[in-house]
Amino acid sequence: MRDVARMLDAMEASQSSDASAQAPHVASAYPNARSSAASLPDARSQRRSTGSSYARWGAVAAGLLSALALFTTVLWRRRRKKPSTSAEPPSIVACFAPREAPPSIERNASPTWVYRTSPFEAPPWQIVNDPVDLSLPPARKNTAAAAVPDETHAAPSPSSLDRLRALPRRDAEPLFDDMERETRGALGMQNGGERARSLAQLIRIRLARIERLSGATRLFAIRDLATEHDDDPNRDAPSVIDSLIDVQLAWASWVRGTVASARLDEADRLCDQLMIGNDNAIARGLHRRGEVWLRRATLRRSSESLPELQEAQRCLDEAHTRRPEPETALLVAQTAQRRAGLLPPYEAAEACSHALVHAFLAEQHAECRVEALACRLQTQMTYEALPQHAANHDISASLGRSLAAAGLLSPGARLAVARARLLTRDAEGAAAACEALWRDGEADRLALDLWREACACWATLDAHDAQALSASLRHLAVARSTL
């Protein structure tokens, strides 16, 4: 191993000596190598300067070409937009030329629609534009009422106001305007008792117009009317006090609870003022006080209203004794009929007799005939329903036919006619009468209960129209859900 290491060291030493000996010979063989290497940077810098000069000349040439192209484009656009000198100037003559009528368009005639009824259709609804009192049955409206007579030189009568109340709102408003304007004109030219009567008539006209309102608007209007004439010199006249009692009674019918009681107390105070004077004034005051007690009875339940009805009966009987009048006789009969439904059988029979006597008296006058017939019919049915009294439905049926032929009926009279038909087993006619009440917006709970009884009796008949009965029951369900 030692010999091998020595041999390798000797070989390395000989190689390094040979390389150092050959280096001078290589340098002498290439004498220009260093000079050529020194000349390389000069050639490179010359080529770079030549390339940069070419780039500058190219940029200058490109700028010139772009400027020439821009100038050419601008010149071409100007020549294109330049208007021709041979064109005529614009004129506005054409704007004032007459226009021709457009050609007429022929319209096709509207097609004829054919409506086919179906047993499953909804019942027809009557749209009533007049306000509806949700707390009381609305007054009956008759669109075919007679025209109001010409009363230009006379104060409007209560009958003319009743006819105006029966008219639709859009037909009655112009007539109310004329009556109020004429009454105000007469009020400014009268003195004494005539002026007091005109003032009372003006209050009643305004009250009739307020009755057609609803909600808070009606309450604000009736409040203003009650205090509007407090400073008038004829405020304490009997006719004006009588009209103010009407205002308080109407106000009490539109409110409930203690507010209604307060209005009735004020009406009772006005009755005390009205009774100051002769027998006629006392009779009139008792008559109005009886109306106040009847209104108090409506504020209580039917089964608890007997004391109020007894007091009303006492006042009305005394008023009719002092001064017999058809209106007082009718109120006496109606109060006695209401008392008969709350008294024991023996006393109820006496009350029915009392009611029939005064209903006969009131029936002799044309203005009270229809209401007196309705009171007779209701009294007869109440009497026949008493124990130990034989029912004679022939009398009730005869009164019902007479009442139905009397013309315009109140909701209570129409309900009495329907009940009379039910007593005579005319269930279909009774149901139709109740349905007519509902369609006219005058049905109440009593009418719906009678309608249900009529349908139940109708179903027990041997030969009856099942389809008509089902339609009546469907309408009854709709009525009970919407009332």
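Above: the structure in question.
Residues numbered from 1 in each chain as written. Predicted model: local features only at pLDDT ≥ 70, side-chain atom pairs only at ≥ 80, totals over all residues. Heavy atoms only, no water.

Okay, the side chain of arginine 339 next. With respect to the helices, strands and loops of the structure, arginine 339 is situated in helix α11 (residues 326–340). The contacts of arginine 339, once residues within four sequence positions are left out, are Leu306, Leu309, Gln310, Gln313 and Ala351. (Helix = DSSP H or I, 4+ residues; strand = E, 2+ residues; numbered from the N terminus. Contact = heavy atoms within 4.5 Å.)

Here the focus is empty space enclosed by the protein. This structure, assessed with the given rule, holds one cavity of 30 Å³ or more. The calculated volume of the largest cavity comes to roughly 50 Å³. In terms of lining, the largest cavity is formed by Ala283, Arg284, His287, Ala319, Arg323, Glu325 and Thr328. In terms of residue count, helix α9 (residues 279–298) provides more of the lining of the largest cavity than any other element does, three residues in total. Tallied by class, the residues present in the lining of the largest cavity amount to two nonpolar, two polar and three charged. (1 Å grid on protein atoms, 1.4 Å probe; cavity = no way out; pocket = protein on both sides within 12 Å on 5 of 7 lines; lining within 4 Å. Points joined across faces, edges and corners; volume = space filled by probe spheres on them. Nonpolar A, V, L, I, M, F, W, Y, C, P; charged D, E, K, R; others polar.)

Per the stated rule, a full pass over the model turns up one aromatic pair. On the numbers, 6.0 Å between centres and 45° between planes, the contact of tryptophan 438 with tryptophan 451 is tilted. Taken together, the positions of tryptophan 438 in helix α16 (residues 427–439) and tryptophan 451 in helix α17 (residues 445–460) put the pair 13 residues apart, joining distant regions of the chain. Of the two residues, tryptophan 438 and tryptophan 451, neither departs from the other in class, the shared state being buried. Looking at arginine 218, its charged tip hangs above the ring of tryptophan 254, at a distance of 4.4 Å from the centre. The aromatic ring of tryptophan 293 is capped on one face by arginine 296, whose charged end is 5.4 Å from the ring centroid. (Phe/Tyr/Trp six-rings, centres within 6.5 Å; stacked < 30°, edge-to-face > 60°. Buried < 20%, exposed > 50% of the residue type's maximum accessible area, 1.4 Å probe, protein only. Lys NZ or Arg CZ within 6 Å of the ring centre and 35° of its normal.)

This model, assessed by the stated rule, comprises 31 salt bridges. Close ionic contact of arginine 235 with aspartate 236 constitutes a salt bridge, the shortest N to O distance being 3.9 Å. Taking the relative accessible area as the measure of exposure, arginine 235 reaches 14% and is therefore buried. Ionic pairing is found between arginine 452 and aspartate 449, a salt bridge with its closest N-O pair at 3.8 Å. Remark: aspartate 449 and arginine 452 occur in helix α17; sequence separation between them is three residues, near one turn of the helix. What makes aspartate 449 partly exposed here is its relative accessible area of 28%. Beyond isolated ion pairs, a larger network of salt bridges with shared partners links Arg204, Asp242, Asp246, Arg284, Arg288 and Glu291. (Salt bridge = Lys/Arg side-chain N within 4 Å of Asp/Glu carboxyl O.)

Below, the discussion takes up the nonpolar core. One finds Ile203, Leu207, Ile222, Leu225, Val240, Ile245 and Val247 to be the most contacted residues of the largest nonpolar core, which totals 31 residues. Secondary-structure elements contributing two or more residues to this core are α5 (192–210), α6 (215–228), α7 (238–253) and α8 (257–274). The greatest single-element share of this core, amounting to nine residues, is contributed by α7. In this view, valine 247 contacts Ile203, Leu207, Ile222, Leu225 and Ala226; residues no more than four positions away in its chain are not counted. (Core = buried A, V, L, I, M, F, W, Y, C linked by side-chain atoms within 4.5 Å.)

Spatial relationships are all this shows, so hold off on functional conclusions.
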